[in-house]
Structure formats: structure tokens, C-alpha cells
Amino acid sequence: MIVAESSAPHHTSPPAPRTRRQSLLWFGWFGFNGGSGLSADSRAAMVFIVTNLAASVAGCVWVLLDYRQHKKLSAAGEKLGRGERGMGRGERVGARPSDRGPPAARHAGFCSGAIAGLVVITPGSGFVSPWEAVVFGVTGAMCCNLAIRLKESWAWDDACDVFAVHGVGGITGNLLTGFFAKNSIAGLNGAVIAGGWVDGNWVQFADQLADSVAGFGYSFVITYAILWVMDRIPGLHLRATVEEEELGMDAAFIGELAYWHALNDATKAAAVEIARGGPPGGSRRESAADKAAAAAYEEKGPYP
């Protein structure tokens, strides 16, 4: 019998460090968007403008979408726990998901929206003007935010929202580029292109759609094959048990906790027991350490 809390601090990232990391990521994005042309000219300057504008707009739109659902304004976002109640006092790790309420709900905040904006503008940077970058930001934020909501309601395992933000955002940006690409923007450094649908070249939208389908199909098949092989190699299984996920991967697999000082006695005792007795949920006997952890959890509750 192992107990833990579903919203332990080591499962989340504090707002201040996350916003600092976001700032570095945002700054770095100028490098491969603005610097991909290997020239410092007016077109590169336009790339900087639309990249920054799309990210800013998407971040603001995302905050409004989260506020509409959660009534919270957030820069970095937070995980709200399972349903409205999270894991209750004394509730054991390993309880069925249906016993713990719906999947965790989150308001991801400005940072996630800005990343979505950076992703969605990347295919079109160097081909669209500032007002179109606003369209990219609004559309990208709405599509990626919806993808996260659907992922949570369908209980898909995408902990870092990789597909919901980078996958959906990339496809959205690719299609919008086929619609809004302009020869006048590409021509800022002398390049000549046919443009997108707004320039009368509707075939470009079809090309972008075909490119998205081909890229998605290739990535899915190759990734599935790699993961299928990995899952059959001893020691490289893909899935962790419910008990391991609730306790935390650090405690379950290496016997350490990143935020040990912030955990209550019950969770600490459970982590020690894992380190001594093997993975949670196994066939080992209920020990004195387990009983002590459960008693401490019942007495002190889920927070230190």
C-alpha cells in the first residue's frame, strides 16, 4: 500500500523558472526563423517582426481562452489536478482512474500560447506580412488550445503537449502559409515566388496540404516502428504503471526526488519504500514503512 499526492510539486514547473526558459526559447526562435536566410536584409527584418507578433498575439489569445474556461489569468499556467478534487486524503496510488475523477485539467497560460504562435508562424515567416501574422497567432492559439482540450478529454498520453502544440501548430501554420504567402514579401530580398491563394495561386494551398499529410504520415509510421522496437527491448518499456506515474518517475526509477524538501512525510516514506523494495504495485508484502507512510498521510493530509 503506497500513498502519494497527484499534485506533488515535482510534477510541475514553478512559474518564474518557466517564464525565464520561455524567454530564452523565444529569443532563440529568432535565430532559426530570422537567421535561416543567412542574410541581414529587409526580409530578415520582416521575419523578426512577424515571428514576434504571432507569438505575442497567440499568447494573449491563449490567456483569454484559459480565462474563459478556468477564470484564471496566468503567465506560466498550472495543473489543476484530477477534476476539481484531485487525489483525496489517504487515497492510495493505484486506484482506478475512474475513482479519481476526470483527467487533469490545466490552464497552460501565456507561455504555451506563445510557443504555439512561434510554431505556427515558422512555415510562413519570410512569406507573410504583419497583419497576416496576427491571423496566424489567433488561429494557431485557438487550434492548439482546442487540441489540448480534446487530448485531455480523450485521455491521450501527451504529457508535454508535443503533438497538441507542435504537431497541430505546425500543420496549421503550413496550411495558412499556402493561403497567405505573398510574392511581395518574398521579394524583399529579390526572391520570386508564385505566392499562395491570396496571390491567385490556389495550387500552393493544395501543395501545402499534401506536404502536411506526407510529413504526418512519415513521422507517424517511422516513430511507431521505433517505439515498437524499443518497447520489446528489456528495460526500455514505454509505459509506466499508474503507481509509478503518481509517485513520480524520479522516486519510482532512481529513488530520488527533485523537490524532496517540499513533500510531506507520507510521500517521502513512500519514496524510501520504493527505493528499498522495488517498483510500486508489485507483489511485495505490506511493510512497516508502508503502514507508517499511510498513517502519516491520513494524519497530515496531502500537503506539507
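Thresholds applied
Residues numbered from 1 in each chain as written. Predicted model: local features only at pLDDT ≥ 70, side-chain atom pairs only at ≥ 80, totals over all residues. Heavy atoms only, no water. UniProt positions renumbered as here; feature names shortened; annotations may be inferred. Salt bridge = Lys/Arg side-chain N within 4 Å of Asp/Glu carboxyl O. Helix = DSSP H or I, 4+ residues; strand = E, 2+ residues; numbered from the N terminus. Expected span 1.5 Å × (residues − 1). Buried < 20%, exposed > 50% of the residue type's maximum accessible area, 1.4 Å probe, protein only. Contact = heavy atoms within 4.5 Å. Polar contact = N/O pair within 3.5 Å; in protein donor to acceptor, adjacent residues only side chain to side chain. Core = buried A, V, L, I, M, F, W, Y, C linked by side-chain atoms within 4.5 Å. Axes fitted to C-alpha atoms, helices over the stretch in contact; angles between N-to-C directions. Parallel < 35°, antiparallel > 145°, perpendicular 65-115°, else oblique. Left-handed = near helix turned anticlockwise from the far one by under 90°. Nonpolar A, V, L, I, M, F, W, Y, C, P; charged D, E, K, R; others polar. Phe/Tyr/Trp six-rings, centres within 6.5 Å; stacked < 30°, edge-to-face > 60°. Lys NZ or Arg CZ within 6 Å of the ring centre and 35° of its normal.

- Labelled according to an unreviewed UniProt entry, the chain appears under the name Ammonium transporter family-domain-containing protein, originating from Olpidium bornovanus.
- Taken from UniProt, the Sequence similarities (unreviewed entry) comment for the chain reads in full: "Belongs to the ammonia transporter channel (TC 1.A.11.2) family."
- Under the UniProt heading Subcellular location (unreviewed entry), the note attached to the chain is "Membrane".

**What to know about the pattern of salt bridges**
Stage number 1. Counted by the stated rule, this structure contains 5 salt bridges.
Stage number 2. For Glu132, the salt bridge goes to Lys182, with nearest N and O atoms at 3.1 Å. Here Glu132 is found in helix H4 (residues 130–153), whereas its partner Lys182 is found in the loop between helix H5 (162–180) and helix H6 (183–186), with 50 residues between them in sequence.
Stage number 3. Taken together, the shared-partner salt bridges connect Asp66, Arg149 and Glu152 into one network.

**Brief notes about H5**
Stage number 1. Here H5 contains 19 residues, and its C-alpha end-to-end distance of 25 Å stays within 8% of the 27 Å for a straight helix at 1.5 Å per residue.
Stage number 2. Where H5 is concerned, the buried positions are Ala164, Val165, Gly167, Val168, Gly169, Thr172, Gly173, Asn174, Leu176, Thr177, Gly178 and Phe180.
Stage number 3. Buried residues along H5 sit against helix H2 (42–70), helix H3 (109–121), H4 and helix H7 (203–231).

**Section: unusual backbone geometry**
Stage number 1. In this structure, Leu38 is a non-glycine residue whose phi angle is positive, near 55 degrees.
Stage number 2. Mapped onto the fold, Leu38 is located in the loop between helix H1 (15–34) and H2.
Stage number 3. Located in the positive-phi region is Ala155, a residue other than glycine, with phi close to 60 degrees.
Stage number 4. Along the chain, the position of Ala155 falls in the loop between H4 and H5.
Stage number 5. Taking relative accessible area as the criterion, Ala155 reaches 55% and is therefore assigned exposed.

**Section: the environment of Asn145**
Stage number 1. One can find Asn145 in helix H4.
Stage number 2. When the C-alpha atoms of Asn145 and Val61 are compared, they prove to be 9.6 Å apart, with 84 residues separating the residues in sequence.
Stage number 3. What Asn145 contacts, discounting residues up to four positions off in sequence, is Trp62, Leu65 and Asp66.

**A look at the side chain of Asn201**
Stage number 1. Along the chain, Asn201 falls in the loop between H6 and H7.
Stage number 2. At a separation of 2.8 Å, a polar atom in the side chain of Asn201 contacts the main-chain carbonyl oxygen of Gly195.
Stage number 3. When residues no more than four places from it in sequence are discounted, the contact partners of Asn201 are Ala194, Gly195 and Gly196.

**A look at the UniProt feature "transmembrane region" (unreviewed entry) in the chain**
Stage number 1. What UniProt calls "transmembrane region" (unreviewed entry) maps, in this numbering, to residues 44–65.
Stage number 2. Secondary structure across residues 44–65 divides into 100% helix and 0% strand, with the first and last C-alpha atoms of the span separated by 32 Å.

**Here we look at the nonpolar core**
Stage number 1. Ranked by internal contacts, the top residues of the largest apolar core, which has 20 residues, are Trp26, Trp62 and Val165.
Stage number 2. Apart from the residues lying within four places of it in its own chain, the contact partners of Trp26 are Asn52, Ala55, Ser56, Phe110, Ala114 and Leu118.

**Some thoughts on the packing of H3 against H5**
A pair of packed helices is characterised by two quantities: the angle between their axes and the separation of those axes.
Stage number 1. Here H3 crosses H5 at 40 degrees, and the two axes come no closer than 7 Å. With respect to H5, the element H3 is oriented oblique. Seen along the crossing, H3 lies across H5 with a hand that is right-handed. Between H3, through Ile115, Ala116, Val119 and Val120, and H5, the contact on the second element is made entirely by Val165, His166, Gly169, Gly170, Thr172, Gly173 and Leu176.
Stage number 2. Taken together, the residues that form the contact of H3 with H5 break down as 6 nonpolar, 5 polar and no charged.

**Observations concerning the packing of aromatic side chains**
Stage number 1. With the rule as written, the count across this model stands at 12 aromatic pairs.
Stage number 2. Consider the rings of Trp26 and Phe110, whose centres lie 6.2 Å apart with planes at 25 degrees: the pair is stacked. Of this pair, Trp26 sits in helix H1 while Phe110 sits in helix H3, and the two are 84 residues apart along the sequence.
Stage number 3. On the accessibility criterion, Trp26 (14% relative accessible area) is buried.
Stage number 4. An angle of 50 degrees between the planes, with centres 5.1 Å apart, marks the rings of Trp154 and Trp156 as tilted.
Stage number 5. Trp156 sits in the exposed class, given a relative accessible area of 52%.
Stage number 6. Within the aromatic cluster, the residues linked to one another by ring pairs are Trp131, Phe136, Phe179, Phe180, Trp197 and Phe205.
Stage number 7. Of note, Arg43 hangs over the ring of Phe127, and the distance from its end group to the ring centre comes to 4.9 Å.

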